[in-house]
Amino acid sequence: MALRRTTKSRIYRYTVYVVLIAIAVWAAISTDWTRIGQLFFNPEVAVKMLPGILTTALVNTLWFTAVAFLGGLLLGVLLALMKLSEIGPFRWIATAWIELFRGLPAILTIFAIAFILPIALGVPGTRLGGPVVLGLIGLILVASAYMAETIRAGIQAVPKGQTEAARSLGMSPMKTTFWIVVPQGFRIIIPPLTNEFVLLLKDTSLLFVAGTFIWSKELTNFARDAATQNANGTPLIMAAILYLIVTIPLTRFSAWLERRMGRAR
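Values in this document were obtained by computation on a predicted structure and should not be read as measured data.

Asker: Before we move on, can you summarise the environment of Val 45 with the specific residues and values?
Answerer: Along the chain, the position of Val 45 falls in helix 3 (residues 43–49). On the basis of relative accessible area, Val 45 is assigned to the buried category, the value being 7%. Measuring from C-alpha to C-alpha, the distance between Val 45 and Gly 161 comes to 61 Å, with 116 residues separating the pair along the chain. Every residue in contact with Val 45, bar those within four places of it in the chain, is listed here: Asn 230, Asn 232, Thr 234 and Pro 235.

Okay, here's the thing in structure tokens:
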């Protein structure tokens, strides 16, 4: 006798549950938890990391992220407006910039700004701000390229009737763009910009390629050096936990914004 579709679905679902539970039980029994605890969850090593991983590494990570985000946002707005401009050279420059820095890996861009740019200008890197500043400039350039496309999409998503209404009231094209179109476009792109902030938070780990000082280490670099010094992976686990503490609320906030804006539309 043939089984009904609901019965087949129920059997399949229970089978999946049983298999997953069996895998979890096997992993729990076969894993050497004592050794994992010593190598990756060692409380003595964790205590050594405090308070530096919070007061230096985490603070630097958040500071670098904020600077790169704000710099990329300002430059991204300019690039987005240039790409939407009716003036050909503006569009060509913006397009070339966006394609270049979106096409290159971020680590290569940071390396180029930190080492190739000073040589090209004939100026020592220390006179340009040092490795931290140069690395941040590279990160800003990468962020601006991605944000420019996000901002451009938000501006283009604003109904044309808004522009026409503003122009009918006597507003100039520039005032219409900055006071009517751009603010409404930003309301649309808040969720993807939040995601961009999360990506930048993790991309700050690439700043190590430019070289850092003890006082300027971010989470990944700080944890990697501590793991090497202690021959233990606990610092890396601590850094991962701190990343999650910051990024999970941000991603949840972004998802909430998307749902709210979806209901509003």
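Now that the structure is up, let's keep going.
Asker: Give a detailed account of the pattern of salt bridges, specifying residues and quantitative values.
Answerer: In this structure the tally under the stated criterion is four salt bridges. Here Glu 149 ties to Lys 83 by a salt bridge, and the two come within 3.1 Å at their closest N and O atoms. Of this pair, Glu 149 sits in helix 7 (residues 130–157) while Lys 83 sits in helix 4 (residues 52–83), placing them 66 residues apart in sequence. Glu 149 gets classed as buried once you look at its relative accessible area, which sits at 14%. One salt bridge connects Asp 225 with Lys 217, and the closest N-O pair in it is separated by 2.5 Å. Under the relative-accessibility criterion, Asp 225 is labelled partly exposed at 21%. Each member of the salt-bridge network shares a partner with another, and the members are Lys 83, Arg 102, Glu 149 and Arg 152.

Asker: Can you break down a nonpolar patch on the surface residue by residue, with the values?
Answerer: Taken together, the side chains of Tyr 12, Tyr 14, Val 16, Tyr 17, Val 19, Leu 20, Ile 21, Ile 23, Val 25, Trp 26 and Ile 29 define a hydrophobic patch exposed on the protein surface, amounting to about 1200 Å² of accessible area. The topology assignment puts Tyr 14 in helix 1 (residues 5–30). Under the relative-accessibility criterion, Tyr 14 is labelled partly exposed at 47%.

What counts and how
- Residues numbered from 1 in each chain as written.
- Predicted model: local features only at pLDDT ≥ 70, side-chain atom pairs only at ≥ 80, totals over all residues.
- Heavy atoms only, no water.
- Helix = DSSP H or I, 4+ residues; strand = E, 2+ residues; numbered from the N terminus.
- Buried < 20%, exposed > 50% of the residue type's maximum accessible area, 1.4 Å probe, protein only.
- Contact = heavy atoms within 4.5 Å.
- Salt bridge = Lys/Arg side-chain N within 4 Å of Asp/Glu carboxyl O.
- Patch = residues over 30% accessible without salt bridge, like charges linked within 9 Å, V, L, I, M, F, W, Y side chains within 5 Å.
- Areas by Shrake-Rupley, 256 points an atom, 1.4 Å probe, with all protein chains shown as cover.

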